[in-house]
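Structural overview
Here's the letter readout for the chains.
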Amino acid sequence: MMKPDQPPFPAIDDDLDAEEQRTAEILKELAQLSNPTCFRCSQSLCFHEYVLSVVTGFKTTPHCTACLASGLGRSPADFLRDAYNYIRRQTCYRSGWHWASQQENQPIEQPACIWPATPSQPQTRMATPAIDTLADPNDTWDAGDMACGELVLKLRLRLKSLQPGQVLLLIAQDPGAPADIPAWCTLTGHSLLSAEPPEYRIQRKNG
Ligand SMILES: [Zn+2]
Ligand SMILES: [Zn+2]
């Protein structure tokens with residue numbers, strides 16, 4: 001993989017607002033990657049796949065597109081479509097994606113390095129158990145003002161520690177959370193039972 005001599009990310013300083021600071025951090029992480037490989041299958045990863053890993057909560061254990069999709073029980077085409085819709089709405093992720101396309105000389109929409117040639121049929125999701133949405137949560141996590149890749153990484157691990165069908169009460173103060181949390185739940189298949197910022201009740205999916 002080509003590495004740039006001068007990665008085009010802004011210096012992190014106090015003048016940046018929170019959103020710009022997060023973007024700069026993601027771009028910095030991307031620029032520092034040297035020949036990253038999939039945590040599961042050891043295939044080498046492109047920058048887009050690293051962004052996809054950050055977005056889904058696998059920042060510290062990045063996966064290739066195929067492994068991310070199969071881990072979520074989705075086809076790669078469905079996963080990529082939903083993931084890209086999510087990424088393009090979030091400044092922090094979108095900047096990383098654009099940077100990845102620039103580095104790899106790929107288009108921003110449907111880069112050929114990861115996009116499958118033929119779209120797949122829509123899939124049906126496994127139903128999650130019925131639950132009283134007002135029942136006491138099984139776990140509560142106050143994420144403070146954590147955001148973007150850091151928030152979804154910790155959120156994913158927190159949900160993983162629950163049993164399927166159990167409910168996490170998440171408290172997230174980040175101004176991006178009201179858009180970010182529902183989109184992340186859609187992408188990963190967990191059920192958002194209620195969203196009353198800063199409180200979100202998330203039910204762990206099956207499997
Ligand atoms: Zn893999
Ligand atoms: Zn790529």
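Residues numbered from 1 in each chain as written. Chains lettered and ligands numbered in written order. Predicted model: local features only at pLDDT ≥ 70, side-chain atom pairs only at ≥ 80, totals over all residues. Heavy atoms only, no water.

**Brief notes about the coordination of the zinc ion (ligand 2)**
Tetrahedral metal sites with four donors have an ideal angle of 109.5 degrees; octahedral sites with six donors have ideal angles of 90 or 180 degrees. In this structure, Cys46 (SG), His48 (ND1), Glu104 (OE) and Cys113 (SG) serve as the protein donors to the zinc ion (ligand 2), at separations of 2.0 to 2.3 Å. Each of the four donor atoms bound to the zinc ion (ligand 2) contributes to angles spanning 91 to 121 degrees, and the resulting shape is tetrahedral. A relative accessible area of 36% places Cys113 in the partly exposed class. (Donors = N, O, S within 2.8 Å, 3.2 Å for Na, K, Ca; no water. Tetrahedral: all angles 85-135°; square planar, octahedral: opposite > 155°, others 65-115°. Buried < 20%, exposed > 50% of the residue type's maximum accessible area, 1.4 Å probe, protein only.)

**Some words on the packing of helix α2 (residues 47-56) against helix α4 (residues 76-87)**
Two elements in contact, α2 and α4, have axes whose closest approach is 11 Å; the angle formed by their N-to-C orientations is 75 degrees. As far as their axial angle goes, α4 and α2 are roughly perpendicular. Side by side, α2 and α4 meet where Val51, Leu52, Val55 and Thr56 of the first sit next to Phe79, Leu80, Ala83, Tyr86 and Ile87 of the second. (Axes fitted to C-alpha atoms, helices over the stretch in contact; angles between N-to-C directions. Helix = DSSP H or I, 4+ residues; strand = E, 2+ residues; numbered from the N terminus. Parallel < 35°, antiparallel > 145°, perpendicular 65-115°, else oblique. Contact = heavy atoms within 4.5 Å.)

**Digging into the sheet that holds strand β4 (residues 199-203)**
Within the open sheet, the four strands sit side by side as β1-β2-β4-β3. Their pairing is mixed. What marks the edges here is a single partner per strand, and that holds for β1 (139-144) and β3 (191-196). Across the sheet, the mean angle from the axis of one strand to that of its neighbour is 20 degrees, orientation sign disregarded. Summarising the sheet, β1 and strand β2 (residues 167-172) pair through five bridges and their orientation is parallel. (Pairing = 2+ DSSP bridges.)

**Concerning the environment of Tyr86**
Structurally, the position occupied by Tyr86 is in helix α4. For the pair Tyr86 and Trp184, spaced 98 residues apart in the sequence, the C-alpha separation amounts to 7.6 Å. Sequence-distant contacts of Tyr86, defined by excluding residues within four places in its chain, comprise Val55, Tyr93, Val152, Asp180, Ala183, Trp184 and Leu187.

**Here we look at the packing of aromatic side chains**
Evaluated as defined, the whole model comprises four aromatic pairs. Here the aromatic residues Tyr84, Trp97 and Trp115 are joined through ring pairs into a cluster of three or more. (Phe/Tyr/Trp six-rings, centres within 6.5 Å; stacked < 30°, edge-to-face > 60°.)

**Here's the deal with the environment of Pro164**
With respect to the helices, strands and loops of the structure, Pro164 is situated in the loop between α6 (148-160) and β2. By relative accessible area, Pro164 is classed as partly exposed at 37%. For the pair Pro164 and Gln203, spaced 39 residues apart in the sequence, the C-alpha separation amounts to 7.8 Å.

**Regarding the nonpolar core**
Core analysis: the largest hydrophobic core is formed by 48 residues, its most contacted members being Leu30, Leu52, Phe79, Tyr93, Leu155, Leu170 and Ile181. When we break this core down by domain, the ones giving at least three residues each are domain 1 (18-104) and domain 2 (139-203). With residues near it in sequence (within four places) discarded, Leu30 still touches Phe47, Tyr50, Val51, Gly96 and Trp99. (Core = buried A, V, L, I, M, F, W, Y, C linked by side-chain atoms within 4.5 Å. Domains from an automatic or database assignment.)

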